[in-house]
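Chain residues, written in single-letter form:
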Amino acid sequence: MSAFSALKTIPSHPIAGGHRRRSSPFLSSLTNTAPTGHQLHSSAAISVSLSHSVIAPGRPVRAVSANVVSEEKQLDGSAFPVISREEALDLYEDMVLGRTFEDMCAQMYYRGKMFGFVHLYNGQEAVSTGFIRLLTDGDSVVSTYRDHVHALSKGVPARAVMAELFGKATGCCRGQGGSMHMFSREHNLIGGFAFIGEGIPVATGAAFSSKYRREVLKEACDDVTVAFFGDGTCNNGQFFECLNMAALWKLPIVFVVENNLWAIGMSHIRATSDPEIWKKGPPFGMPGVHVDGMDVLKVREVAKEAVGRARRGEGPTLVECETYRFRGHSLADPDELRNPAEKSRYTSRDPITALKKYVIEHGLVAESELKAIDKKIDDLVEEAVEFADSSPPPPRSQLLENVFADPKGFGIGPDGKYRCEDPGFTQGTAQV
Amino acid sequence: MDSNPRVCVMGEDVGHYGGSYKVTKGLATKFGDLRVLDTPIAENSFTGMGIGAAMTGLRPVIEGMNMGFLLLAFNQISNNCGMLHYTSGGQFTIPVVIRGPGGVGRQLGAEHSQRLESYFQSIPGLQMVACSTPYNAKGLMKAAIRSENPVVLFEHVLLYNLKERIPDEEYVLCLEEAEMVRPGEHVTILTYSRMRYHVMQAAKTLVNKGYDPEVIDIRSLKPFDLHTIGNSIKKTHRVLIVEECMRTGGIGASLRSAIIDNFWDYLDAPIMCLSSQDVPTPYAGTLEEWTVVQPAQIVTAVEQLCK
């Protein structure tokens, strides 16, 4: 019986600024039951100030920082469904792309096309899709080693990601990064980091840049940064240091915790004195929100609020998404520690199945259209594999490029010439 | 900072306090609190923040209040600062300058007397320079800020009080070049940072004894300027390295191997290297003096080398 059972009943809620009136298309019912596999329900938001945030059984609670005032929302059921048809198609396609791509990665790995550490995202698609599909091109995403799907959601072409995973020169990082280091300047995907927590300060820096551009350079910049990381990271110093700095300077950043309850084989409950991560926002002066990360619509509603807050200059938000990875930590993980009952509880809440049911039931999209999307994505991923397979591996000449942005950094050789002027340099055979 | 609005400073007490050694004095009043950012005490995170800002278009100068504190930022400096340009396939540049005072001071104790150049030298993708005079401090700092590469600029705690007449106008020194301090014929003495002054003091004694040492301040700790160094060795055939790093794994150790690799045929004697003792710098003044290379030792070493 984990400490989460009380929290699982808490539906997502919008983090409201004090002044905006929302006509939110949420149901008026406040649900206290654990979400079933196929219903997506939304609910009213009640915010209580920090001093009252004691969890009583069955009573939903959210913590917001004391200076964020919320109103109780009276919701009417008439403004339903919560997304438009175009949005439904976009969300569905993005999640299916993530799932199909990751499944293909597993196949390719076991066929010896992909190497090293590969961490798959199956089951967590709602978080990536829910947040990233709301962002603009100028917004930045910072991820961890479980970054393939963040890259895809942000718009990096599947063929570029697949080629990178195969270690080919046509990969998004020229084959130099690999599974854990996806970068794309064009799409503002700033990593891909192998050590947990080390991306959070980089994300804080990207948010700082955005604020600097607006306030010092006087550009019309309202770019937001979204940092994704896991439950294990929330016990790491860099997490807390960055929560402090982001709130202190009101940086336009959203900290998204993908709490899948496991850090390789370490259960979140065994590692954390207080496992409720959303509570760790308010002590630093930002709202902390918990949301059902298996439900893309709930994630999306919370994301809209959090990203909106950041864009308006109101500062950071900590969002804890309770989610689950259907596969092991990586393709090398035998995944023996997790209870099959726990796994099936979450697989029955598969975000893609749930969205599918929702859009069909609300008449947004016909089943045949969804099947067409499934086929389209299958073809896309197949094409990505073909592209990656037929791409050349990096040539030797690529070895020494990119170590320095300015290759003069390799220094001056005994003959007085810069090392990078040595013809061997461009062949990758120079002694540096 | 005047010429490029994207240059900013971040570190502990760099703003209102003007920097622990007053390097950034007056800048916050002139440029504001965002451009000269007083950070909380979180080296790893604000160094990472500087790196993220550099990747997204700014040119931060990150200060370690004492270079030793940057040990806490090792994760960011090694993994992100040095490596991300390569790992991202050249997509992101990281034009940061990481600077601060280091080296052995006057009885500051072991932890405030560290020489981080030896710890950072293996990190690929990083350039390291050490300034030693007001003239080269200005030139190297400008070069470091303008460089697209991440540069670690080592200052020394005891050199901030030096006074020198330097040009008002802009000048930029080359990050990869060494500085000829005193041309000579008998022996090449390679040094950097504060040890330059001990060497010059020893040089006075040596000249009185009839020796003619060539003193080179290597300035660029990574990469080494093998041209200037090589030309000198080809002339004198004898090398003495004087450094403040510890003996094991210091800059001198790397420099020694580089010289052997490249100039073995020109050497008439084994390369001598004077480094600090492999000892945590003690507090007591007498002990501290014995851990660091002193001019008298340099004189003895040269005499031995030139026998």
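Because the structure is a prediction, the values reported are computed rather than measured.

Engineer: Sorry, what's going on with the overall build of chain B here?
Structural biologist: A tally of regular secondary structure across chain B gives eleven helices and twelve strands. Within the span of chain B, comprising 307 residues, buried residues form 60% of the whole. Roughly 11700 Å² of accessible area belongs to chain B as shown, and the carbon and sulfur atoms make up 53% of that amount. Averaging the positions of the 27 positive and the 32 negative side-chain charges in chain B gives two centres separated by 4 Å.

Engineer: Help me understand the sheet that holds strand 11 (residues 239-246) of chain B, please; the structure alone is not making it clear to me.
Structural biologist: Working definition: the strands of a sheet are paired by backbone hydrogen bonds and lie parallel or antiparallel to each other. Residues and elements named next belong to chain B. Sheet architecture is open: five strands sit in the order 7-9-8-11-12, paired in mixed fashion. Bordering the open sheet on either side are strand 7 (179-182) and strand 12 (272-276), each of which pairs with just one other strand. The mean inter-strand angle of the sheet, taken between neighbouring strand axes irrespective of direction, is 25°. As paired strands, strand 7 and strand 9 (residues 213-217) are joined by three bridges and run antiparallel to one another. Its bridge partner being in strand 9, methionine 180 is matched across the sheet by isoleucine 216.

Engineer: What should I look at first to understand the UniProt feature "domain: Transketolase-like pyrimidine-binding" (unreviewed entry) in chain B in this one?
Structural biologist: UniProt feature "domain: Transketolase-like pyrimidine-binding" (unreviewed entry): in the numbering of this structure it lies at residues 1-162 of chain B. The distance from the first to the last C-alpha atom of residues 1-162 of chain B is 23 Å, and the span holds 30% helix and 18% strand.

Engineer: How should unusual backbone geometry be read in this particular structure?
Structural biologist: Most peptide bonds take the trans configuration, and most residues that are not glycine carry a negative phi. A cis amide bond, omega 5°, links glycine 191 of chain A with the succeeding residue glycine 192 of chain A. If you trace the backbone, glycine 192 of chain A turns up in the loop between strand 3 (189-190) and helix 6 (199-215). Cis peptide bonds are those with omega within 30 degrees of zero, and the linkage from lysine 222 of chain B to proline 223 of chain B qualifies with 5°. Here proline 223 of chain B lies in the loop between strand 10 (220-222) and helix 8 (226-236). Residues other than glycine seldom take positive phi values, yet asparagine 188 of chain A does so here, at roughly 55°.

Engineer: Could you clarify how one ought to interpret the interface of chain A and chain B in this entry?
Structural biologist: Interfaces are often sized by the accessible area lost when the parts come together. With 54 residues of chain A at the contact, the number on the chain B side is 52 residues. Contact with chain B buries surface across chain A, with Arg185, Phe208 and Tyr212 of chain A losing the most and accounting together for 15% of the total. Our count for the chain A to chain B interface comes out at 24 residue pairs in polar contact (both at pLDDT 80 or more). Listing elements by their share of the side of chain A that touches chain B, those giving two or more residues are strand 2 (183-184), strand 3, helix 6 and helix 7 (237-248) of chain A. With eleven residues, helix 6 of chain A is the single largest residue contributor to the side of chain A that touches chain B. Its residues assigned to classes, the side of chain A that touches chain B shows 26 nonpolar, 15 polar and 13 charged.

Engineer: Could you clarify how one ought to interpret the nonpolar core in this entry?
Structural biologist: Across soluble globular proteins, you tend to see nonpolar side chains buried next to one another. One finds Phe131 and Phe255 of chain A together with Ile259 of chain B to be the most contacted residues of the largest nonpolar core, which totals 150 residues. Considering every element that reaches this core, the biggest residue donor is helix 2 (residues 85-110) of chain A, with twelve residues. In terms of nonpolar packing, the next biggest core, distinct from the first, is built from 20 residues, Val9, Ala28, Val61 and Val129 of chain B among them.

Engineer: Where do I start with the sheet that holds strand 4 (residues 97-102) of chain B in this structure?
Structural biologist: All names here are of chain B. Read across the open sheet, the seven strands follow the order 2-1-3-4-6-5-10; overall the sheet is mixed. Of all strands in the sheet, those with a lone pairing partner are strand 2 (36-38) and strand 10, marking the two edges. Shown here is a sheet whose adjacent strand axes are inclined to one another by a mean of 20°, direction ignored. Judged from the five bridges that link them, strand 1 (residues 7-11) and strand 3 (residues 59-63) form a sheet pairing that is parallel. Looking at strand 3, one finds that methionine 10 is bridged to isoleucine 62.

Engineer: What is the right way to look at the packing of helix 2 of chain A against helix 5 (residues 158-165) of chain A in this model?
Structural biologist: All names here are of chain A. With their axes 12 Å apart at the nearest point, helix 2 and helix 5 run at an angle of 25° to one another. Put simply, helix 2 runs roughly parallel to helix 5. When you trace helix 2 past helix 5, the crossing you get is right-handed. Judged by residue contacts, Phe101, Met104 and Cys105 of helix 2 engage Ala158, Val161, Met162 and Leu165 from helix 5. When its residues are assigned to classes, the contact of helix 2 with helix 5 shows seven nonpolar, no polar and no charged.

Engineer: Explain the pairing of strand 3 of chain B to me, please; I cannot follow it from the model alone.
Structural biologist: Consecutive side chains of a regular strand alternate in pointing toward one face of the sheet and then the other. Residue and element names in this part refer to chain B. For strand 3, a buried count of five out of five residues is recorded, marking the element as mostly surrounded by other parts of the structure. Because side chains alternate across strand 3, one face comprises the buried residues Arg59, Val61 and Glu63, and the other comprises Pro60 and Ile62, equally buried. In this sheet, strand 4 lies alongside strand 3 in parallel orientation, the contact comprising three bridges. Within strand 4, the residue paired with valine 61 across the bridge is valine 97.

Engineer: Looking at this structure, I do not really get the pattern of salt bridges. What am I missing?
Structural biologist: Any two side chains of opposite charge can pair if their charged atoms end up close together. Counted according to the given criterion, the structure contains 40 salt bridges over all chains. The residue arginine 311 of chain A makes a salt bridge to aspartate 139 of chain A at a minimum N-O spacing of 2.7 Å. Of this pair, arginine 311 of chain A sits in helix 9 (residues 296-311) while aspartate 139 of chain A sits in the loop between helix 3 (125-132) and strand 1 (140-142); the two residues are 172 residues apart in sequence, bridging distant segments of the chain. Residue classification places aspartate 139 of chain A among the buried positions, given a relative accessible area of 0%. In this structure, the salt-bridge partner of glutamate 215 of chain A is lysine 211 of chain A, at a minimum N-O distance of 3.2 Å. A residue pair is termed a helical-turn pair when its members lie 3 or 4 positions apart in one helix, as glutamate 215 of chain A and lysine 211 of chain A do in helix 6 at four residues. Classification of lysine 211 of chain A by relative accessible area gives buried; the value is 12%. In this structure, a network of salt bridges that share partners links the residues Arg213, Glu219 and Asp223 of chain A together with Arg6 of chain B.

Engineer: What exactly am I supposed to notice about helix 6 of chain A here?
Structural biologist: An α-helical segment advances 3.6 residues per turn. Residues three or four places apart therefore align on the same side. In a regular helix each residue adds 1.5 Å, so 17 residues correspond to 24 Å; helix 6 of chain A covers 24 Å between its end C-alpha atoms and thus fits that length. For helix 6 of chain A, the tally of buried residues reaches 15 of 17 residues, placing the bulk of the element in the interior.

Engineer: Hey, could you run me through the packing of aromatic side chains in this one?
Structural biologist: For any pair of aromatic rings, the description rests on two quantities: the centre-to-centre distance and the angle between the ring planes. For the structure on display, the rule yields 14 aromatic pairs over all chains. Ring geometry for phenylalanine 239 of chain A versus phenylalanine 240 of chain A: centroids 4.9 Å apart, planes at 65°, classification edge-to-face. Here tyrosine 135 of chain B and tyrosine 171 of chain B contribute two aromatic rings whose centre-to-centre distance is 4.5 Å and whose plane-to-plane angle is 10°, an arrangement assigned as stacked. You can see tyrosine 135 of chain B sitting in helix 6 (residues 134-146) and its partner tyrosine 171 of chain B sitting in the loop between strand 6 (151-156) and strand 7, a full 36 residues away along the chain. The buried category is assigned to tyrosine 171 of chain B, whose relative accessible area is 11%.

Reading the values: the criteria
Residues numbered from 1 in each chain as written. Chains lettered and ligands numbered in written order. Predicted model: local features only at pLDDT ≥ 70, side-chain atom pairs only at ≥ 80, totals over all residues. Heavy atoms only, no water. Helix = DSSP H or I, 4+ residues; strand = E, 2+ residues; numbered from the N terminus. Buried < 20%, exposed > 50% of the residue type's maximum accessible area, 1.4 Å probe, protein only. Areas by Shrake-Rupley, 256 points an atom, 1.4 Å probe, with all protein chains shown as cover. Lys, Arg positive; Asp, Glu negative; His and termini not counted. Charge placed at Lys NZ, Arg CZ, Asp CG, Glu CD. Pairing = 2+ DSSP bridges. Axes fitted to C-alpha atoms, helices over the stretch in contact; angles between N-to-C directions. UniProt positions renumbered as here; feature names shortened; annotations may be inferred. Contact = heavy atoms within 4.5 Å. Buried area = accessible area lost by both parts, 1.4 Å probe. Polar contact = N/O pair within 3.5 Å; in protein donor to acceptor, adjacent residues only side chain to side chain. Nonpolar A, V, L, I, M, F, W, Y, C, P; charged D, E, K, R; others polar. Core = buried A, V, L, I, M, F, W, Y, C linked by side-chain atoms within 4.5 Å. Parallel < 35°, antiparallel > 145°, perpendicular 65-115°, else oblique. Left-handed = near helix turned anticlockwise from the far one by under 90°. Salt bridge = Lys/Arg side-chain N within 4 Å of Asp/Glu carboxyl O. Expected span 1.5 Å × (residues − 1). Phe/Tyr/Trp six-rings, centres within 6.5 Å; stacked < 30°, edge-to-face > 60°.

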